[in-house]
Amino acid sequence: MVRGGEFILSPETTAPGFGLPSWPSGDGDGFLIIKGIRDVVLAPVLGILLVTGHRRALGWVMMVEALVAYGDMSTVLAHHGSMATALGVHGPTATLMVVNGLLITRETRKARPLRQRPPHSPSHATLARDGIRLSVSAGKARRTNFLQ
């Protein structure tokens, strides 16, 4: 998202980091602003799915969004840009997104249900106060005056 913001605010200084060989002639910064907007919008989609716990949807969206990174790699290579950036940044990013997306969609582990504790019920309890002992054993109560 930060990188996308850089493309929106300062496209001419950020463009070389994308891997293209030169700044477009004429008024080309509009295309880089579009790229920045794309990057800014794609990141929150993943974040929302992650925070809301929609694992399967997150995996599928990651795999689809990987196509953007593969497209970036192809664009840099097709326009004789930096092969190091194309194969060292865009390609691995896309591949990691696909691998993570597949792992997330293939996860089958179910959440363990919470175990409910039985109410505390001792087999024998004794309460003593003011010289009187109250004993409960096996559901039967017995009162004893122990000060006599």
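Describing unusual backbone geometry
Piece 1. A positive phi is found at His80, a non-glycine position, where the angle reads about 55°.
Piece 2. The topology assignment puts His80 in the loop between α4 (55–78) and α5 (83–106).
Piece 3. Classification of His80 as exposed rests on a relative accessible area of 70%.

Some points on the confidence of the model for the chain
Piece 1. Here the chain shows a mean pLDDT of 75. Residues at 70 or above account for 53%.
Piece 2. Taken element by element, the predicted model of the chain shows its lowest mean pLDDT in helix α1 (residues 2–9) (56) and its highest in α5 (93).

Some details on the environment of Ile104
Piece 1. When you line up the elements, Ile104 lands in helix α5.
Piece 2. Separated by 47 residues in the primary sequence, Ile104 and Ala57 have C-alpha atoms spaced 9.1 Å apart.
Piece 3. Contact partners of Ile104, with chain neighbours within four places excluded, come to Arg55, Leu58, Gly59 and Met62.

What counts, and at which threshold
Residues numbered from 1 in each chain as written. Predicted model: local features only at pLDDT ≥ 70, side-chain atom pairs only at ≥ 80, totals over all residues. Heavy atoms only, no water. Helix = DSSP H or I, 4+ residues; strand = E, 2+ residues; numbered from the N terminus. Buried < 20%, exposed > 50% of the residue type's maximum accessible area, 1.4 Å probe, protein only. pLDDT = per-residue confidence, 0-100. Contact = heavy atoms within 4.5 Å.

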